[in-house]
Amino acid sequence: MNDFIQFFRGMGGKISSNVLAGMQGQPSAQSISFLRQLEKEVRQKDDLSCPLKDLEVVVFDIETTGFHPDKGDQILSIGAVKMKGAAFCEEDTFYSLIKNDGILSPEIRALTNITDEQLQDAPEAHEVLMQFFQFISSRILIAHHSKHEMAFMRKITWDLMKKRFQHRMIDTSFLTNLLTPGPQTIRTLDQLCEECGIEIKNRHHALGDAIMTGSIWAYYLQKAIDEGYKNLGDVYSELAKKRG
């Protein structure tokens, strides 16, 4: 894991060189066909019985102009990393800014270190979305406070592709609630990193946050494995008992 963090530091916050080449222009017949096939794969995939040590996921994060996609807030960048079980697929990352011709608020510029000029030169939203779907394929998505990511992914997928966003998305609390004793509280990414001994680095950079979220997922997934949980089905069943 230290080698992976070092790899990211060497990037200096730049776009990862292994971002997939996107399909150009508006959604074509080829891209529509790809999305239909992807929807079929997502529906048919059985992730609940896959052993946790072999579970393939994509941990991702987005930076946005605000919290309300239904009121015009937009995605500024997407960062993601692939994992198998508790291990990172170390150089298999995705990062892209998304073109935006608006003017960012001073607060968002300061928080994300993204500039208006960078967004004006970034790829169009439909290109980035197709690249992201190609990257994640039919894998489960992991996010911290995932309602935020889910709301924006549903909005952008419908607006640009007229498709429903159908990937399974799991919040980090799925495992933290299972394995943390006592009353459950909402914890920030920083708080969880501190609790797990994870260095806070490149905060509010979509790929930096995705890597830290992946480290939290790995920490708790390994605890789940050590405590005898075999697959996601076991975890869902145990959480249902706790809530019941």
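Residues numbered from 1 in each chain as written. Predicted model: local features only at pLDDT ≥ 70, side-chain atom pairs only at ≥ 80, totals over all residues. Heavy atoms only, no water.

### Concerning the confidence of the model for the chain
At step 1: Overall, the prediction assigns the chain a mean pLDDT of 89, with 89% of residues at 70 or greater.
At step 2: Segment residues 1-25 is flagged for pLDDT under 50; beyond a separation of four residues in sequence, or across chains, it makes 49 contacts in the model. (pLDDT = per-residue confidence, 0-100. Contact = heavy atoms within 4.5 Å.)

### Re the side chain of Glu39
At step 1: Tracing the backbone shows Glu39 in helix 2 (residues 29-44).
At step 2: Given a relative accessible area of 16%, Glu39 falls into the buried group.
At step 3: If we skip the residues at most four places from it in the chain, Glu39 touches Lys163, Arg164 and Gln166. (Helix = DSSP H or I, 4+ residues; strand = E, 2+ residues; numbered from the N terminus. Buried < 20%, exposed > 50% of the residue type's maximum accessible area, 1.4 Å probe, protein only.)

### Observations regarding the pairing of strand 3 (residues 87-97)
At step 1: Sheet topology places strand 2 (residues 75-84) next to strand 3; seven bridges connect them, and they run antiparallel. Looking at the pairing, Met83 lines up with Phe88 of strand 3.
At step 2: Between strand 2 and strand 3, which follow one another and run antiparallel, lie two residues, and Gly85 among them has a positive phi close to 60°. (Pairing = 2+ DSSP bridges.)

### Observations regarding the sheet that holds strand 2
At step 1: Spatially, five strands are ordered 3-2-1-4-5 in an open sheet, and the strand pairing comes out mixed. The open sheet has two edge strands with one neighbour each: strand 3 and strand 5 (169-171). Along the sheet, successive strands turn relative to each other by an average axial angle of 25°, direction set aside.
At step 2: Relative to strand 2, helix 9 (residues 206-226) is tilted by about 35°, and along the sheet it contacts strand 1 (56-64), strand 2, strand 3, strand 4 (140-143) and strand 5. (Axes fitted to C-alpha atoms, helices over the stretch in contact; angles between N-to-C directions.)

### Some points on the pattern of salt bridges
Where charged atoms from two side chains of opposite charge approach closely, those side chains can pair.
At step 1: In this structure the tally under the stated criterion is 10 salt bridges.
At step 2: Between Arg187 and Glu195 there is a salt bridge, and its shortest N-O distance comes to 2.5 Å.
At step 3: Judged by its relative accessible area of 13%, Arg187 is buried.
At step 4: Owing to a relative accessible area of 43%, Glu195 belongs among the partly exposed residues under this scheme.
At step 5: The shortest N-O distance in the salt bridge between Asp209 and Arg203 comes to 2.9 Å.
At step 6: Overlapping salt bridges bring together Asp190, Arg203 and Asp209 as one network. (Salt bridge = Lys/Arg side-chain N within 4 Å of Asp/Glu carboxyl O.)

### Looking at the packing of aromatic side chains
At step 1: Considering all chains together, one arrives at six aromatic pairs under this definition.
At step 2: Look at Tyr219 and Tyr220: their rings are 5.1 Å apart centre to centre, the planes differ by 75°, and that puts the pair in the edge-to-face class.
At step 3: Chaining the aromatic ring pairs together yields one cluster made of Phe60, Phe94, Phe132 and Phe135.
At step 4: Across from the ring centre of Phe135, 4.7 Å away, lies the NZ or CZ of Lys82, which sits over that ring. (Phe/Tyr/Trp six-rings, centres within 6.5 Å; stacked < 30°, edge-to-face > 60°. Lys NZ or Arg CZ within 6 Å of the ring centre and 35° of its normal.)

### Here's the deal with helix 10 (residues 232-243)
In an α-helix, one full turn covers 3.6 residues, which means residues spaced three or four apart are oriented alike.
At step 1: With 12 residues, helix 10 extends 16 Å from end C-alpha to end C-alpha; this agrees with the ideal 16 Å at 1.5 Å per step.
At step 2: What helix 10 keeps buried is the set Leu232, Gly233, Val235 and Leu239. All buried residues of helix 10 fall inside an arc of 160° around its axis, so they share one side.
At step 3: Contacts from the buried residues of helix 10 go to strand 4, strand 5 and helix 7 (173-179).
At step 4: Residue Asn231 occupies the N-cap position of helix 10, its side-chain oxygen lying 3.1 Å from the main-chain nitrogen of Gly233. (Expected span 1.5 Å × (residues − 1). Arc of directions from axis to C-beta. Polar contact = N/O pair within 3.5 Å; in protein donor to acceptor, adjacent residues only side chain to side chain.)

### Looking at the nonpolar core
At step 1: Counting 31 residues, the largest nonpolar core has Leu55, Val57, Phe174, Leu175 and Trp217 as the members making the most contacts within it.
At step 2: Mapped onto this core, the elements with two or more residues apiece are strand 1, strand 2, strand 4, helix 7, helix 8 (189-196), helix 9 and helix 10.
At step 3: Sequence-distant contacts of Leu55, that is, excluding residues within four places in its chain, are made with Asp47, Cys50, Met83, Lys84, Gly85, Ile140, Trp217 and Leu232.
At step 4: Ile75, Phe135, Ile136 and Met150 belong to the second-largest nonpolar core, a separate cluster that totals 28 residues. (Core = buried A, V, L, I, M, F, W, Y, C linked by side-chain atoms within 4.5 Å.)

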